[in-house]
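Given next are the chains, with one letter for each unit.
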Amino acid sequence: MRIEIATEPARADRPNEDFIAASPSAVVLLDGAGTPAGSESGCEHGVAWYVSRLGVNLLASVTNQPDRALTDCLADAIAETAELHADTCDLHHPGTPSATVIAVRVTDEVLEYLVLADSTLVLEHTDETGPTAITDDREAQIGATLRGPMDATLAGTPEHAEALRAYVEAMRAHRNQPDGFWVAAADPAAAYASLTGSVPRSDLTGFTMLSDGASRLVDRFHLANWPQALKLIRDHGPIALIREVRAAELSDVEGRRWPRGKTHDDTAVATVTL
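In this convention, every chain numbers its residues from 1, walking through the sequence in written order. Local features are withheld for residues below a pLDDT of 70 in this predicted model, meaning they are given only at 70 or higher, and side-chain atom pairs are given and counted only at 80 or more; totals for whole chains, interfaces and linings count all residues. Working from all heavy atoms in the structure, the side-chain values ignore hydrogens and water.

**Description of the nonpolar core**
Nonpolar side chains tend to gather and get buried jointly when the protein is soluble and globular. This is how it is decided: Nonpolar core, defined: a set of buried Ala, Val, Leu, Ile, Met, Phe, Trp, Tyr and Cys residues in which side-chain atoms within 4.5 Å join the residues together. Any residue under 20% of the maximum accessible area for its type is buried, any over 50% is exposed, and the rest in between are partly exposed; the area is computed with a 1.4 Å probe on protein chains only. A helix here means a DSSP run of H or I that spans at least four residues, while a strand means a run of E at least two residues long, and both kinds are numbered starting from the N terminus. Here a residue-residue contact requires only that any non-hydrogen atoms of the pair lie within 4.5 Å.
Formed by 29 residues in total, the largest nonpolar core has its most connected members in Val28, Leu30, Leu58, Leu74 and Val101. At the level of secondary structure, the elements contributing two or more residues to this core comprise β2 (18–23), β3 (26–32), α1 (47–64), α2 (70–85), β4 (99–106) and β5 (110–116). If you tally residues by element for this core, the top one is α1, at 8 residues. Excluding residues that lie within four positions of it along the chain, Leu30 makes contacts with Glu17, Asp18, Phe19, Val51, Leu54, Gly55, Ala99, Thr100 and Val101. Judged by nonpolar contacts, the second largest core, of 19 residues, contains Val27, Leu121, Met209 and Ala270.

This is how it looks when you write it as structure tokens:
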């Protein structure tokens, strides 16, 4: 398989909390949940530290244990990452670092996938059915009931910053709960709430993974559909899609057209040709 990757932080002065890594048989993408100013996480290391270690552990598990279920690989990686800071950090804190996860394993016969939370996996088929986008929208469903005060304020204002902090802390009460949404954090049980599946490799020409900062061109801004976004990536590389996202963000820095928690978000795109 051939892979192209592009990732960019929301701001040059902050670490990138998105993560992509690949081996000859697997690709993983993680999107860390940032901690707003004024909120605590109970962790002295931070989200970027957590995401990079979880991503490395997950890629190793998926690659080195080809017969192990992806859910088990993710559970192992969550447990291993938790052990790295259990002695120094409060892993029971509701804001302990967390991340969305996509993992794909490719064999000669099949493509296996796992999607946890709101990053998006897009499968490209050999027939004329068009691409299939797979995302876990439970977080968005919960968020839609809580984000009204944040969306009613203009980005860049103190009122918006406070509303964002309140929104994130309200969402924490629903995180990794039976009637809420699930992300990778410190509890390996979250892995088993993932969306999983498999597709014959012969039915696919490739696939693309996107963090929600990159997929917003399609699913929040509605400036392209998935066939258009994939054509842009295939013709000009994944960085071209990120450039389109940035242009849209800059055209609406106050969030009047597209209310959102972050004016700019970390972006990550990995596209694979089989």
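**A look at the sheet that holds strand β9 (residues 204–210)**
We apply this condition: Two strands pair under a simple rule: DSSP has to find at least two bridges between them. Axes here refer to lines fitted to C-alpha atoms; in helices the fit is confined to the stretch in contact. Angles between the N-to-C directions go from 0 to 180 degrees.
Taken in spatial order, the 5 strands line up as β1-β10-β9-β6-β7 in an open sheet, and their pairing is antiparallel. Each edge of the sheet is formed by a strand with only one pairing partner; in this case those strands are β1 (2–8) and β7 (132–135). Between one strand axis and the next, the sheet turns by 15 degrees as a mean value, whatever way the strands run. Bridge count for strand β6 (residues 120–125) against β9 is 6 bridges, and the pairing is antiparallel. Residue pairing across strands places His125 opposite Leu204, the latter belonging to β9. Relative to the sheet, helix α7 (residues 226–236) contacts β6, β7, β9 and β10 (267–273), its axis offset from that of β9 by approximately 95 degrees.

**Topic: the pattern of salt bridges**
Short version of the rule: Between Lys or Arg on one side and Asp or Glu on the other, a salt bridge is scored when a side-chain nitrogen of the former is within 4 Å of a carboxyl oxygen of the latter.
Per the stated rule, a full pass over the model turns up 17 salt bridges. Overlapping salt bridges, with partners in common, bring together Glu8, Arg216, Arg243, Arg246 and Glu249 in one network.

**Examining the pairing of β3**
Among the 7 residues of β3, 7 are classified as buried, and the element is accordingly described as predominantly covered. Side chains Ala26, Val28, Leu30 and Gly32 of β3 all project onto a buried face; the interleaved residues Val27, Leu29 and Asp31 project onto the opposite face, where all are buried too. Strand direction decides the pairing type here: β2 and β3, joined by 6 bridges, are antiparallel. By the bridge assignment, Phe19 is partnered in β3 with Leu30. Between β2 and β3, which pair antiparallel one after the other, the connecting turn spans 2 residues. Two strands pair when backbone bridges link them, and β3 and β4 are joined in this way by 7 bridges, in the antiparallel orientation. Looking at the pairing, Leu30 lines up with Val101 of β4.

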